[in-house]
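Chain and residue survey
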Amino acid sequence: MNTSAATTARTMWALFEPIHAVAYFAPEAEAAYEEVGLRGFWRGYFAGRAAPLGPVGPEPVVAAFFTFAPAMVARALPDVWSLTTPGRALELRRTGAAAALTRLLAGHEREVERAAEALVPRAAGLEGSGRVLAAANGALDFPDKPVERLWHATTLLREHRGDGHVAALVAAGIDGCEALVLRSAVDVPRTELQPHRGWTDQEWEAAARRLTDRGLLTPDGTATRDGYELLRTAESATDRAAERPWRPLGPDEVATLVRLLTPLATACAAALRFPNPIGVPNPAGQGCRRTP
């Protein structure tokens, strides 16, 4: 294992994830979807994030997104495709994110251009084997405008990492709801996870019982040592699976990327809340681990 590259992968995720995440939290992103009648946050979310897969129904999205309740996904898909096409949803996703980044990163235009120049080579040509969302997004062309190129690069890198995270949890024998229940016993409040992923109280408690039976939770819902170890192992596997784009970088190149991305991530954090349901950490302080 290339420990240095795996460590770099985690460092970079903490910096590029806030840039990508404006597509979920900034008002410009939601407003873009509302233009075509995708009212309500979740219609736009599922249309935009699933659009690279084509006009799919709920089943492949449940599989790829992993932590969402099937019933929640089915309320949006495939109905959203009666309101817009995947191609149009992709356009709205890009323009909404770009509008948000243009506002949030005003005064950082040169840094945006340099960060895009640095990240595009890391994101272009990512290995897509076993990574459905990364491969689907990788088939899209890079935009021309620097702010859009930056956002697209961060999207490719985060979906590449997220696909690997899902694989790590599946290998650990954890399903989508169980992943959230265990996470809530460690560092992300249940109130930030359950309602935003659509699981009922009955489904949540059933997942907690399964984890308790495996010795990963105590009866009162506290994570056991084995529970903590499972999550630690999954996070380490996620870092290793995400390291390939960063292997060619030397220490000086990594330091340069950190200097470029830190002020951009910090500015984008103004559009986010902490803690949040995707587990993105606050670049100005301590945060949460990855929850896709």
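Criteria and thresholds
- Residues numbered from 1 in each chain as written.
- Predicted model: local features only at pLDDT ≥ 70, side-chain atom pairs only at ≥ 80, totals over all residues.
- Heavy atoms only, no water.
- Salt bridge = Lys/Arg side-chain N within 4 Å of Asp/Glu carboxyl O.
- Helix = DSSP H or I, 4+ residues; strand = E, 2+ residues; numbered from the N terminus.
- Buried < 20%, exposed > 50% of the residue type's maximum accessible area, 1.4 Å probe, protein only.

Focus on the pattern of salt bridges
Following the criterion strictly, the structure yields 19 salt bridges and no others. Across the salt bridge formed by Arg 10 and Asp 239, the nearest N and O atoms sit 2.9 Å from each other. Of this pair, Arg 10 sits in helix α1 (residues 3-25) while Asp 239 is found in helix α13 (residues 225-241), placing the two residues 229 residues apart along the sequence. The exposure class assigned to Asp 239 is buried, which follows from its relative accessible area of 10%. Among the salt bridges present, the one from Arg 183 reaches Asp 187, with a minimum N-O distance of 3.1 Å. Assessed through its relative accessible area of 24%, Asp 187 is described here as partly exposed. Sharing partners across several salt bridges, the network here consists of Arg 10, Arg 161, Arg 183, Asp 187, Glu 235 and Asp 239.

Focus on the side chain of Glu 148
The residue Glu 148 is located in helix α9 (residues 146-171) in this model. By relative accessible area, Glu 148 is classed as buried at 12%.

Points about helix α3 (residues 41-50)
With seven of its 10 residues buried, α3 lies for the most part within the structure. For α3, the complete set of buried residues consists of Gly 44, Tyr 45, Phe 46, Ala 47, Gly 48, Arg 49 and Ala 50.

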